[in-house]
Amino acid sequence: MRSAKYSGAGAAAEVVSVIDTEIPSPGPGEVLVRVGAAGLNPVDVKIRAAAVDFGPIIYTDLPGWDVAGVVSDVGPGVDEWAEGDRVFALAAFPAAAHTLAEYAVVAAGDLAASPSTWSTAQAGAAPLAALTAWQALETAGVRSGQRVLVLGGAGGVGHLAIQLAAARGAEVVATASPAKHELLRSWGASETVDYRDEAALAAIAPVDAVIITVDDTLPPRGAVAAGTSVVTITGLTDERRAELASWGAGPVERILVSANGGQLAEIAALAESEAVTVHLDSEFGLDELAAAQERVESGRVTGKVVVVVDPRV
Ligand SMILES: NC(=O)c1ccc[n+]([C@@H]2O[C@H](COP(=O)([O-])OP(=O)(O)OC[C@H]3O[C@@H](n4cnc5c(N)ncnc54)[C@H](OP(=O)(O)O)[C@@H]3O)[C@@H](O)[C@H]2O)c1
């Protein structure tokens, strides 16, 4: 089968290739998925550029964690999935997986049934970003009637955080550059703010929770009230963390997403009721993986970048 591979650390155009490998066999508790599409995430390009483990995130030269496709075989002890099922998953994360290939072995518990309202490309693009948004909202304890600020509302995680928070009945404020504000509103944000406009940032009224998806970025002072819970998915220096605490913020937590088929099934249920969609920034073929990674590295992605491994799946 055709598989993406990195030859080492370096620029995408220099180290990304497609090679022939054996189709893997599913072991006990595992499922073989014929891959239709696999999403790309900033972690893919960080891992490729450095070729090292990042804390619990295990380096692999056979990349990819997101996947959507069709079950082609099941290993011993798997009775919840059968050949022909349409599935999607965040596979194994933060352990290594290998979904940027024509077939991928995925633990049965990481899989959920793909929503019928999403294309295979959308389902393949969603899992890591959607589970990150879901787990961030859970950690922040976001519930109906609360006000939530999403810093970075137009990216992969941000656009799903807006929709999932709105689906919980929260009122959502989100930041992005002005050209993206109409999209943010279509996803359920009731207030949109240009992150380069200091006066508009300063005018954001206090919120119950902040979800930070942009590196080392604090919410504006006025948005933080006593007890505002803050969840970041990116780095926050000790200095900035201390600054937040001095403003009276409640718990400040940094999370790392983990694979979870049960939560993915809950997200799929929201997709079935058309409460959540996946905005595709761009689609690439497996042979165009280097260009796809360069698009993610631009930092300007709106929604998700996806690799369509096999458009027939
Ligand atoms: N901890 C975890 O488990 C976890 C999971 C997923 C992702 N992450 C990390 O979270 C970060 C975001 O991931 P992602 O997939 O959402 O990234 P992404 O899709 O690449 O984000 C791109 C978006 O960020 C926006 N942006 C850039 N600077 C901004 C700013 N100062 N304020 C508001 N928006 C800004 C851009 O909008 P403009 O074009 O308008 O600037 C663009 O739409 C990455 O660092 C990623 O590694 C962590």
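About the thresholds
- Residues numbered from 1 in each chain as written.
- Predicted model: local features only at pLDDT ≥ 70, side-chain atom pairs only at ≥ 80, totals over all residues.
- Heavy atoms only, no water.
- Axes fitted to C-alpha atoms, helices over the stretch in contact; angles between N-to-C directions.
- Helix = DSSP H or I, 4+ residues; strand = E, 2+ residues; numbered from the N terminus.
- Parallel < 35°, antiparallel > 145°, perpendicular 65-115°, else oblique.
- Contact = heavy atoms within 4.5 Å.
- Salt bridge = Lys/Arg side-chain N within 4 Å of Asp/Glu carboxyl O.
- Buried < 20%, exposed > 50% of the residue type's maximum accessible area, 1.4 Å probe, protein only.
- Lys, Arg positive; Asp, Glu negative; His and termini not counted.
- Polar contact = N/O pair within 3.5 Å; in protein donor to acceptor, adjacent residues only side chain to side chain.
- Pairing = 2+ DSSP bridges.
- Domains from an automatic or database assignment.
- Buried area = accessible area lost by both parts, 1.4 Å probe.
- Nonpolar A, V, L, I, M, F, W, Y, C, P; charged D, E, K, R; others polar.

1. Topic: the packing of helix 2 (residues 42–50) against helix 10 (residues 289–297)
- For the pair helix 2 and helix 10, the least separation of the axes is 9 Å and the interaxial angle reads 110 degrees. Between helix 2 and helix 10, the angle falls in the class roughly perpendicular. Judged by residue contacts, Pro-42, Asp-44, Val-45 and Arg-48 of helix 2 engage Gln-293, Val-296 and Glu-297 from helix 10.

2. Some details on the pattern of salt bridges
- Enumeration over the complete set of coordinates arrives at 10 salt bridges.
- Here Asp-216 makes a salt bridge to Arg-240, at a shortest N to O gap of 3.3 Å. Of this pair, Asp-216 sits in the loop between strand 11 (207–212) and strand 12 (224–232) while Arg-240 sits in helix 8 (residues 238–246); the two residues are 24 residues apart in sequence, bridging distant segments of the chain.
- For Arg-240, a relative accessible area of 29% translates into the label partly exposed.

3. Here we look at the side chain of Asp-194
- By secondary structure assignment, the location of Asp-194 is in strand 10 (residues 189–194).
- Salt bridges are absent for the buried Asp-194, whose nearest opposite-charge side chain, Arg-196, sits at 4.7 Å.
- Engagement of the side chain of Asp-194 in a polar contact is seen with the backbone nitrogen of Arg-196, the distance being 2.9 Å.
- When neighbours within four sequence positions are excluded, Asp-194 is seen to be in contact with Ala-176, Ser-177, Pro-178, His-181 and Leu-201.

4. Considerations on the sheet that holds strand 9 (residues 171–176)
- Read across the sheet, 6 strands follow the order 10-9-8-11-12-13 without closing on themselves; strand pairing throughout is parallel. This sheet does not close on itself; its edge strands, each paired only once, are strand 10 and strand 13 (252–254). Each neighbouring strand pair of the sheet contributes to a mean axis angle of 20 degrees, computed without reference to strand direction.
- Of the strand pairs in this sheet, strand 8 (residues 147–151) and strand 11 are connected by 4 bridges, and their pairing is parallel. The partner of Leu-151 across the bridge, within strand 11, is Ile-212.

5. Thoughts on the pairing of strand 11
- With 5 of 6 residues buried, strand 11 is to be regarded as a mostly interior element.
- Two elements, strand 11 and strand 12, share 5 bridges in a ladder whose sense is parallel. Counterpart to Ala-209 in the pairing with strand 12 is Ser-229.

6. Examining unusual backbone geometry
- Here Phe-93 and Pro-94 are connected by a cis peptide whose omega angle stands at 10 degrees.
- Turning to its location among the elements, Pro-94 is positioned in the loop between strand 5 (86–90) and strand 6 (103–107).
- One non-glycine residue, Ala-51, adopts positive backbone phi at about 55 degrees.
- Structurally, the position occupied by Ala-51 is in the loop between helix 2 and strand 4 (66–74).
- The backbone phi angle of Ala-92 is positive, close to 65 degrees, even though this residue is not glycine.
- In this fold, Ala-92 is placed in the loop between strand 5 and strand 6.
- Judged by its relative accessible area of 30%, Ala-92 is partly exposed.

7. Remarks on the domain arrangement of the protein
- If you check the domain split of the protein, you get domain 1 (2–126 + 278–308) and domain 2 (130–254).
- Taking only C-alpha atoms, the centre of domain 1 and the centre of domain 2 are 28 Å apart.
- Summing both sides of the interface, domain 1 and domain 2 together bury roughly 790 Å²; the carbon and sulfur share of this comes to 56%.
- Of all residues in domain 1, Ala-126, His-279 and Thr-302 bury the most surface against domain 2, accounting for 43% of the area lost on that side.
- Remark: the boundary between domain 1 and domain 2 carries 0 salt bridges.
- The interface formed by domain 1 and domain 2 includes 6 residue pairs in polar contact (both at pLDDT 80 or more).
- In terms of residue class, the side of domain 1 that touches domain 2 is built from 4 nonpolar, 3 polar and 2 charged.

8. With respect to the packing of helix 4 (residues 127–140) against helix 9 (residues 261–272)
- The interhelical angle for the contact between helix 4 and helix 9, taken along N-to-C directions, is 95 degrees, at an axis separation of 10 Å. Between helix 4 and helix 9, the angle falls in the class roughly perpendicular. Each of Pro-127, Ala-130, Leu-131, Trp-134 and Gln-135 in helix 4 lies in contact with helix 9, whose residues at this interface are Gln-263, Leu-264, Glu-266, Ile-267 and Leu-270.

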